[in-house]
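Each chain, written out:
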Amino acid sequence: MSSKSQAGYMDFILAISLFIFMLIIYFSYSSDLSKNEAKIFNEMVTDIKLISSSLVLEGYPQDWIETNVQRIALTDNNQRIVENKLMQFLNLTYIKRKNLFNTQYDYFIFLKDNNGCLINLSGNFGVGHPDVRINETEETTECNGFVEGSIDLSNIQPKNIVRADRLLIYNS
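Residues numbered from 1 in each chain as written. Predicted model: local features only at pLDDT ≥ 70, side-chain atom pairs only at ≥ 80, totals over all residues. Heavy atoms only, no water.

S.K.: Describe the side chain of arginine 97, naming the residues involved and giving the relevant values.
M.R.: Turning to its location among the elements, arginine 97 is positioned in helix H3 (residues 94-101). The side chain of arginine 97 is buried and forms no salt bridge, while glutamate 66, the nearest opposite charge, is found at 9.1 Å. Excluding anything up to four places from it in sequence, arginine 97 contacts Ile72, Phe89, Leu90, Leu92, Tyr107, Val127 and Gly128. (Helix = DSSP H or I, 4+ residues; strand = E, 2+ residues; numbered from the N terminus. Buried < 20%, exposed > 50% of the residue type's maximum accessible area, 1.4 Å probe, protein only. Lys, Arg positive; Asp, Glu negative; His and termini not counted. Salt bridge = Lys/Arg side-chain N within 4 Å of Asp/Glu carboxyl O. Contact = heavy atoms within 4.5 Å.)

Structural data, given as structure tokens:
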């Protein structure tokens, strides 16, 4: 009879040891996951800062076109969007822009006026990931031919989103 109770005691010790071991593995793994997510988020913040800063400069070469661009930018280095640079930017493919931005993350860029209305950029209300959509508002608004709407990310279902806003002058 005493051997049964000793075997039960040993089983209990083994079960508790296994349980504690599994808890240690779980918490170390979940800790690594949160550290990894924080690292990814910090990389995304760094990338969006670099991209948005780049776009408000004049680029390289100064009067770049889509065939010779080395650094994309949309302005004259004085916060004013240059129409030719904007058109050249729109003519670049998503992949080419992504490579020039030197990012591994997806992006979407759009312009709004001071009333919050999306600006039509040659038939597009934004450029970037091809699966991002603009949901236009059906009602009459104060946008006067522009679009009031929202960005629809449901087709790509991102894990993380980072946003940067810049103030620029477009068409005076």
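The structure having been displayed, the exposition proceeds.
S.K.: Please set out the packing of aromatic side chains residue by residue, giving values where relevant.
M.R.: Enumeration over the complete set of coordinates arrives at four aromatic pairs. Considering the side-chain rings of tyrosine 94 and tyrosine 107, the 5.0 Å spacing of their centres and the 25° angle between planes classify their relative orientation as stacked. Within this pair, whereas tyrosine 94 is found in helix H3, its partner tyrosine 107 is found in the loop between H3 and strand S1 (108-109), the two being separated by 13 residues in sequence. Taken individually, tyrosine 94 and tyrosine 107 each receive the classification buried, so the pair is uniform in this respect. On the basis of an interplanar angle of 90° and a centroid distance of 5.3 Å, the ring pair of phenylalanine 101 and tyrosine 107 is categorised as edge-to-face. (Phe/Tyr/Trp six-rings, centres within 6.5 Å; stacked < 30°, edge-to-face > 60°.)

S.K.: For the environment of lysine 85, give the residues involved together with the corresponding values.
M.R.: In this structure, lysine 85 sits in helix H2 (residues 83-91). Take lysine 85: its relative accessible area is 5%, and that puts it in the buried class. Separated by eleven residues in sequence, lysine 85 and leucine 74 place their C-alpha atoms 5.3 Å apart. Those residues in contact with lysine 85 that sit more than four places away from it in its chain are Glu58, Gln62, Trp64, Ala73, Leu74 and Thr75.

Treat this as a map of the structure, not an account of what it does.
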